[in-house]
Each structure stands twice: as structure tokens, then as C-alpha cells.
Amino acid sequence: MFPALSDKTLALSEKVAHATMGIDALYRQETGAESDREGLVVVQMAEVSPTPFASYGEAQEYLADLAQQALALPEPDRRLYYTQACTSLWSFCAWRQGKLERMSDQISLFLHADPAPATSAQLDGYYRQLRSLLTEMGYTGDIKAQIAAWEAKNLVPADEVQDTMNAMMVQAREMCGRILPLPENDYYHCETVRGVSYNASSDFAHRRVLINIDPILTKQKLKHLVCHEVYPGHFMQFTLRRQAWEQGVGGLDGVLSVCNHSSSCTFEGIADAGISFLGWEEGLDDRANDLVSLIQAALGSAASYRLHTLGWESSRVEDFLRDNAPGGGEGWVTNRIKFIQDPARAALIFSYWRGDEGVFPVWNRVAPEDRARFFGYIYGRLHTVQSLQLFS
């Protein structure tokens with residue numbers, strides 16, 4: 001399934017993987033981070049020893065050399081990807097040394113994404129599309145009333161979320177098996193949580209998806225989360241990158257999932273395209289949820305910008321989210337403000353909106369007969385938004 005990487009690229013991937021773990025070790029030592037979620041490396045699917053760096057400065061010198069080596073790789077997409085990955089890690093080291101204080105620099109250099117937040121005009125445009133769609137579906141009143149009525153019609157009560165997710169995962173896994181090789185006897189299950197700073201989380205180590213039941217959740221949102229977090233999203237991304245490495249055709253760095261990284265946007269964008277990959281779109285309700293999710297992602301960028309660049313007080317940003325939220329209730333507002341208040345996640349929130357912008361246009365131009373090759377390209381190796389564009 002996976003296009004094999006050259007020996008030269010595989011060798012460089014090992015150096016990058018060990019260096020990444022070395023920087024993660026520095027970061028954990030500095031911050032006292034203990035859980036996977038708190039580190040630079042948030043998922044490790046195989047044992048990777050850290051390169052022993054005495055300081056961030058030493059790590060930067062090593063990364064600069066690796067970036068030079070990346071320029072000589074034979075695969076065009078790997079030349080671009082590893083150059084950007086080294087720049088991302090180098091920039092993270094700079095940030096930890098008190099540099100790159102501007103949020104725009106962090107977004108540009110960690111994520112290699114456009115640091116501009118969603119504008120009022122863009123948000124208004126998304127809302128016009130949603131209002132038109134909900135009107136077509138027979139919902140009346142202003143946009144807030146329409147969204148509330150749509151959520152009420154499709155609501156999944158909190159005490160039914162776990163069973164609903166587990167049932168949807170069975171269906172999604174079957175569909176996923178038609179386009180990707182499924183791991184044998186390796187399954188996810190759902191657990192629900194409250195009071196966390198995320199909507200959902202793919203916990204690969206414990207083979208579970210954690211769903212925050214504080215926000216209002218609809219059938220369509222849960223379906224989106226199944227596809228984003230599990231099949232064919234993060235669980236399959238983790239699993240297939242590890243398989244590519246085990247088969248000797250994928251890089252060692254592929255067994256790591258790294259926060260605030262050049263691969264973050266495509267990691268999220270690929271997962272967001274999960275329903276489309278499976279061909280599981282089921283009418284206007286799914287389309288409405290797509291627009292709700294798009295607005296939520298765009299709002300996250302706008303809220304982080306207001307907090308960290310414009311210097312708004314947290315309470316004012318919270319009001320901004322509440323006034324503009326396309327549903328989700330108070331639980332969604334609360335977890336978004338928690339997310340962007342974390343300095344280690346403030347830039348990362350741009351990866352959702354910018355990831356969709358980077359992935360969907362490429363996916364939409366892939367002919368049906370080229371989809372198997374495209375899946376091999378995106379699931380067997382890490383990508384930046386820019387390296388993804390080189391698929392042809």
C-alpha cells in the first residue's frame with residue numbers, strides 16, 4: 001500500500017525521530033510534564049530513544065545540520081517535509097528560550113500555516129451558508145434559533161453518547177476496511193469525560209476515544225468524531241504509519257505524534273476528511289454539521305488571536321465565543337477557552353481550520369482511480385500542508 005522511501009530518507013528519518021525525542025526530553029525536564037498529552041511528543045507508537053541534548057541551543061545546531069541533509073533527499077515531498085519539520089522543531093526550541101513571542105511567528109514556524117485568523121467577513125460567509133441550508137431544511141427564526149432547533153432534533157443525550165459512539169465505530173470500521181487495511185484484533189472503544197479542554201481525544205495507548213459530554217452533541221457530530229478520531233482518522237493514521245515503519249518503507253519519525261509541529265495541520269485535516277474518505281455523507285444534516293464544524297474551527301483561530309495578539313481579557317474572549325458559537329452550548333465555549341489559554345496549545349488551534357484548507361482541495365482533485373495511491377501517500381508518511389500538495 002505504501003510507496004517505499006529511499007534508504008537515504010529512512011536514515012534521515014531516524015535522526016529526526018531521535019532528535020524529536022531529545023527535544024521532548026528537554027521540554028519535559030523544563031516543565032515537569034509527565035503525561036503524554038503534556039509533552040511535545042504526545043503519542044509514541046514504538047520505542048524511540050532520545051538524542052541526548054544538553055540544551056535547546058545544542059538541539060538547534062543539530063537540527064540545522066539535519067535540515068541541510070534534508071535538501072539532498074531524492075523524494076521531492078520528503079525534501080520539503082523534512083526541511084519544514086526541522087524548522088518547526090528548531091522554532092520550538094527558540095520559543096522555549098524566550099524567543100518567538102508573537103503568536104503569528106509561532107503559527108508560521110511551528111505549523112507552517114497562514115497565521116491570519118478567520119475574519120468577520122469569512123465567518124459571516126460561513127454563517128450565510130449555514131442559514132441558507134437550515135432554511136432549506138425547514139428551520140425558521142434567526143440563525144441562533146435555527147441551530148438550536150436543529151441540535152434539539154438531532155440531540156444525543158449525554159448518557160447515550162458512549163453506546164452511540166461504540167455502535168457507530170462498528171459501522172465506520174466496516175466501511176474503513178474497504179479503503180484501508182484494518183489492524184487485526186485491534187479495536188477502539190469510547191469513554192466519556194467532563195471538564196476537559198478538548199471535544200474528543202484519540203488515546204492510542206489505551207485504544208479508546210474520549211468524548212467530552214459537556215458540549216451539546218448531535219448524531220452528526222458524533223459521526224464526525226468517530227471518523228476524525230478513529231476510522232479512518234487518528235487511530236488509522238497512527239496504526240498505518242507504524243505499519244509502514246515496521247515494513248521498512250516508512251520513516252521512524254512516523255511512529256511519533258508531535259504537538260505544535262509541521263505535520264499538525266495535515267494530521268487534523270486528514271482526520272476531518274474522514275467522512276468524505278468513507279463516502280459516508282448522508283444528506284443535509286451531515287452538510288449542516290460540516291458547516292458547524294468549519295465555523296467552530298474558524299472561531300477557534302479568531303478567539304486565540306484576540307486573546308494572545310490583541311490582548312483581550314479571557315472573559316471578553318469567552319463572550320466572543322459565546323456570541324458567535326454555532327451551537328455546542330456552554331460546554332463548547334468552556335472547553336475552547338481552556339484550550340487556547342494553554343500557551344502550548346494557543347498556536348495549535350489554528351491546525352484545525354488551516355488543516356481543512358490544506359487537505360480538502362487536494363482530496364477533491366484526486367480521481368477515483370487514484371484514491372488508493374493517495375491513501376498510501378497520506379497514511380504511510382507524515383506531511384505538511386505544502387508537501388501534501390505535491391501528490392500527483
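Residues numbered from 1 in each chain as written. Predicted model: local features only at pLDDT ≥ 70, side-chain atom pairs only at ≥ 80, totals over all residues. Heavy atoms only, no water.

(A) Molecular detail of the layout of surface pockets. The space that makes up the second largest pocket amounts to roughly 360 Å³. In this structure, the second largest pocket is lined by 16 residues; those nearest its centre are D272, R287, D290, L291 and F360. Here the lining of the second largest pocket is built from residues that sort into five nonpolar, four polar and seven charged. (1 Å grid on protein atoms, 1.4 Å probe; cavity = no way out; pocket = protein on both sides within 12 Å on 5 of 7 lines; lining within 4 Å. Points joined across faces, edges and corners; volume = space filled by probe spheres on them. Nonpolar A, V, L, I, M, F, W, Y, C, P; charged D, E, K, R; others polar.)

(B) Structural context of the nonpolar core. Ranked by internal contacts, the top residues of the largest apolar core, which has 130 residues, are I23 and I211. Looking at which element gives the most residues to this core, the answer is helix 12 (residues 284-308), with 10 residues. The residues touching I211, leaving out its near neighbours within four places in the chain, are V161, M165, C190, E191, T192, V193, N199, A200, L217, L222 and L225. (Core = buried A, V, L, I, M, F, W, Y, C linked by side-chain atoms within 4.5 Å. Buried < 20%, exposed > 50% of the residue type's maximum accessible area, 1.4 Å probe, protein only. Helix = DSSP H or I, 4+ residues; strand = E, 2+ residues; numbered from the N terminus. Contact = heavy atoms within 4.5 Å.)

(C) Up close: the pairing of strand 4 (residues 208-212). Strand 4 sits mainly inside the fold: four of its five residues count as buried. Judged from the five bridges that link them, strand 2 (residues 189-193) and strand 4 form a sheet pairing that is parallel. Paired with H189 across the two strands is R208, which belongs to strand 4. Here strand 3 (residues 200-203) runs beside strand 4; their pairing, made up of four bridges, is antiparallel. Its bridge partner lying in strand 4, A200 is registered against I211. As consecutive antiparallel partners, strand 3 and strand 4 are separated by four residues, and within that stretch R207 has a phi angle of approximately 50 degrees, a positive value. (Pairing = 2+ DSSP bridges.)

(D) Examining the packing of helix 13 (residues 314-324) against helix 14 (residues 329-341) more closely. Here helix 13 crosses helix 14 at 135 degrees, and the two axes come no closer than 10 Å. Between helix 13 and helix 14, the crossing angle belongs to the class labelled oblique. When you trace helix 13 past helix 14, the crossing you get is right-handed. Where helix 13 abuts helix 14, its residues S314, V317, E318, L321 and R322 lie against E330, W332, V333, R336, I337, I340 and Q341. Among the residues forming the contact of helix 13 with helix 14, the class breakdown is six nonpolar, two polar and four charged. (Axes fitted to C-alpha atoms, helices over the stretch in contact; angles between N-to-C directions. Parallel < 35°, antiparallel > 145°, perpendicular 65-115°, else oblique. Left-handed = near helix turned anticlockwise from the far one by under 90°.)

(E) Region of interest: empty space enclosed by the protein. Inspection of every chain in the model, using the stated rule, returns four cavities of 30 Å³ or more. Roughly 90 Å³ of volume is contained in the largest cavity. If you trace the largest cavity, you find it lined by Q237, R241, S263, T266, F267, I270, I378, Y379, R381, L382 and H383. Broken down by secondary-structure element, the contributors of at least two residues to the lining of the largest cavity are helix 9 (234-246), helix 10 (264-272) and helix 16 (371-379). It is helix 10 that contributes the most residues to the lining of the largest cavity, three residues altogether. Each residue belonging to the lining of the largest cavity can be placed in one class, and the counts come to five nonpolar, four polar and two charged. Of the voids in this model, the second largest cavity is the one considered here, and its volume is about 50 Å³. Those elements giving two or more residues to the lining of the second largest cavity turn out to be helix 1 (7-31), helix 3 (76-96) and strand 5 (256-258).

(F) A look at the environment of G269. Topologically, G269 is positioned in helix 10. Among the residues examined, G269 registers a relative accessible area of 0% and is labelled buried. G269 sits 185 residues away from Q84 along the chain, and the two C-alpha atoms are 18 Å apart.

(G) The arrangement of unusual backbone geometry in detail. Between Y231 and the following residue, P232, the backbone shows a cis peptide bond with an omega angle of 5 degrees. Among the secondary structure elements, P232 is positioned in the loop between helix 8 (219-229) and helix 9. The phi dihedral of L100 is positive, around 50 degrees, even though this residue is not glycine. Along the chain, L100 turns up in the loop between helix 3 and helix 4 (103-111). A residue is classified by how much of its surface remains accessible, and L100, at 18% relative accessible area, is buried. Although it is not a glycine, N260 sits at a positive phi angle of roughly 55 degrees. Structurally, N260 is set in the loop between strand 5 and helix 10.

(H) Main features of helix 4. Three or more residues of helix 4 are buried, namely M103, Q106, I107, F110 and L111. Taken around the axis of helix 4, the buried residues stretch over an arc of 95 degrees, which confines them to a single face. Buried residues along helix 4 sit in contact with helix 3, helix 10, helix 12 and helix 15 (350-364). Of the residues trailing helix 4, H112 is marked for its positive phi of about 55 degrees. (Arc of directions from axis to C-beta.)

(I) Spotlight on the packing of aromatic side chains. Scanning the model with the defined rule gives 22 aromatic pairs in all. An aromatic cluster is defined as three or more aromatic residues linked by ring pairs; in this entry it consists of F277, W363, F374, F375, Y377, Y379 and F391. If you follow R96 out to its NZ or CZ, it ends over the ring of W95, 4.6 Å from the centre. (Phe/Tyr/Trp six-rings, centres within 6.5 Å; stacked < 30°, edge-to-face > 60°. Lys NZ or Arg CZ within 6 Å of the ring centre and 35° of its normal.)

(J) View of the sheet that holds strand 3. One open sheet accounts for three strands, arranged 2-4-3; its pairing is mixed. The strands lining the two open edges of the sheet, one partner per strand, are strand 2 and strand 3. With direction set aside, neighbouring strand axes in the sheet form an average angle of 25 degrees. Contacts between helix 7 (residues 161-176) and the sheet are confined to strand 2 and strand 4, with strand 2 contributing the most and set at about 155 degrees to the helix. Along the sheet, helix 8 contacts strand 3 and strand 4; its crossing angle with strand 3, the most-contacted strand, is approximately 30 degrees.

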